[in-house]
Amino acid sequence: MKEFKLYAITGEEFHQGRELIEVMEAAILGGVDIIQLRDKTSSKREVLRKAKALRELTEKHDVTFIVNDYIDVALAVDADGIHLGQDDLPLADARNILGQDKIIGISTHHIDEAREAEASGADYIGVGPIFHTNSKVDVVDPVTTEYIQQVAAEITIPFVAIGGIKLHNVDQVLEAGATRICMISEIVGAEDIKGVCEQFTKILAEKGEK
């Protein structure tokens, strides 16, 4: 998969009345280089409509597009890949359906899950939630930056830190060993989405130069 640093997940409940494509394009213009469509409440038909629109947007800007959970939707719109949780379809079965060319990301909350994901052929893992978050209702307790340190020391596939990351605490995340970060509400709920993403992009770039 292409290298990425700033990962945004859709969260329309935080959009402040703005349209999905407007919000996500602002994020891309601010430096987001991978987008995930996550929609647990809409009908499958509506999720497919959103996925088609986001696939068009991400192709326009050459940004990686991931669909959360719905393999059929990902295949229908030729998304770059899918993201799965610990209770979703097993990675091996997802790989059999998607093939070797598609990206599969796995959410992990413990080093044993990270090890299993890597051994099973995940392309990247999510590491979190680092801090308390209100962006997801089905969230586990914070894993803290200690988990980032464990993953950074042992896991060789790309990992992205997620969960409660804000401008005021992102330095803690990067100092623990993360080089990629993911947000929902901090990006899509911002008044100035492009500006916030530019700030995160700058922080990531500065950290990478050290």
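Criteria and thresholds
- Residues numbered from 1 in each chain as written.
- Predicted model: local features only at pLDDT ≥ 70, side-chain atom pairs only at ≥ 80, totals over all residues.
- Heavy atoms only, no water.
- Helix = DSSP H or I, 4+ residues; strand = E, 2+ residues; numbered from the N terminus.
- Buried < 20%, exposed > 50% of the residue type's maximum accessible area, 1.4 Å probe, protein only.
- Contact = heavy atoms within 4.5 Å.
- Salt bridge = Lys/Arg side-chain N within 4 Å of Asp/Glu carboxyl O.
- Core = buried A, V, L, I, M, F, W, Y, C linked by side-chain atoms within 4.5 Å.
- Axes fitted to C-alpha atoms, helices over the stretch in contact; angles between N-to-C directions.
- Left-handed = near helix turned anticlockwise from the far one by under 90°.
- Phe/Tyr/Trp six-rings, centres within 6.5 Å; stacked < 30°, edge-to-face > 60°.
- Lys NZ or Arg CZ within 6 Å of the ring centre and 35° of its normal.
- Parallel < 35°, antiparallel > 145°, perpendicular 65-115°, else oblique.
- Pairing = 2+ DSSP bridges.
- Right-handed = clockwise from strand over helix to strand, strands pointing away.

1. What about the environment of Leu54?
- As for its position among the elements, Leu54 is in helix α2 (residues 44-61).
- On the basis of relative accessibility, which here comes to 0%, the residue Leu54 falls in the buried class.
- Discounting residues that sit within four places of it in the chain, Leu54 has contacts with Thr10, Leu20, Ile21, Met24, Leu37 and Phe65.

2. Thoughts on the pattern of salt bridges
- For the structure shown, the criterion picks out 15 salt bridges.
- Between Asp123 and Arg95 there is a salt bridge; the shortest N-O distance is 2.9 Å. Of this pair, Asp123 sits in the loop between α5 (111-120) and β6 (124-127) while Arg95 sits in helix α4 (residues 91-98), placing them 28 residues apart in sequence.
- Residue classification places Asp123 among the partly exposed positions, given a relative accessible area of 23%.
- In this structure, a network of salt bridges that share partners links the residues Glu12, Asp39 and Lys50.

3. Let's talk about the nonpolar core
- Of all hydrophobic cores here, the largest spans 74 residues; its most connected members are Ile125, Ile181 and Ile187.
- If we ignore the near neighbours within four places in the chain, the residues touching Ile187 are Leu6, Tyr7, Ala8, Ala27, Val32, Ile193 and Cys197.

4. Focus: the packing of α5 against helix α6 (residues 144-154)
- Close contact between α5 and α6 brings their axes to 10 Å; oriented N to C, the two are set at 35°. Crossing angle aside, the handedness with which α5 passes α6 is right-handed. Of the residues in α6, those in contact with Ile111, Ala114, Arg115 and Glu118 of α5 are Tyr147, Gln150, Val151 and Glu154.

5. Topic: the packing of aromatic side chains
- Inspection of the entire model under this criterion finds three aromatic pairs.
- Ring centres of Phe4 and Tyr124 lie 6.0 Å apart, and the angle between their planes is 75°; this geometry places the pair in the edge-to-face category. Residue Phe4 is found in the segment before β1 (6-9), and its partner Tyr124 is found in strand β6; the two are separated by 120 residues along the sequence. Take Phe4 and Tyr124: they sit in the same class, and that class is buried.
- Three or more aromatic residues link up through ring pairs in this structure, and these residues are Phe4, Tyr7 and Tyr124.
- In this arrangement the basic side chain of Arg180 is found over the ring face of Phe4, its NZ or CZ atom lying 5.5 Å from the centre.

6. Some remarks on the packing of helix α1 (residues 20-29) against α2
- At their nearest, the axes of α1 and α2 sit 11 Å apart, and the two run at 25° to each other. One way to sum up the angle between α1 and α2 is to call them roughly parallel. Between α1 and α2 the crossing geometry is right-handed. Of the residues in α2, those touching α1 at Leu20, Ile21, Met24, Glu25, Ile28 and Leu29 are Lys50, Ala53, Leu54, Leu57, Lys60 and His61.

7. Observations regarding the pairing of strand β2 (residues 34-37)
- Of the two faces of β2, the one holding Ile34 and Gln36 and the one holding Ile35 and Leu37 are both buried throughout.
- The pairing of β1 with β2 spans three bridges and is classified as parallel. Bridge pairing in β2 places Ala8 opposite Ile35.
- In terms of handedness, the path from β1 via α1 over to β2 forms a crossover that is right-handed.
- Crossover β2 to strand β3 (residues 64-68) through α2 is right-handed.

None of the figures reported here should be taken as evidence of function without further support.
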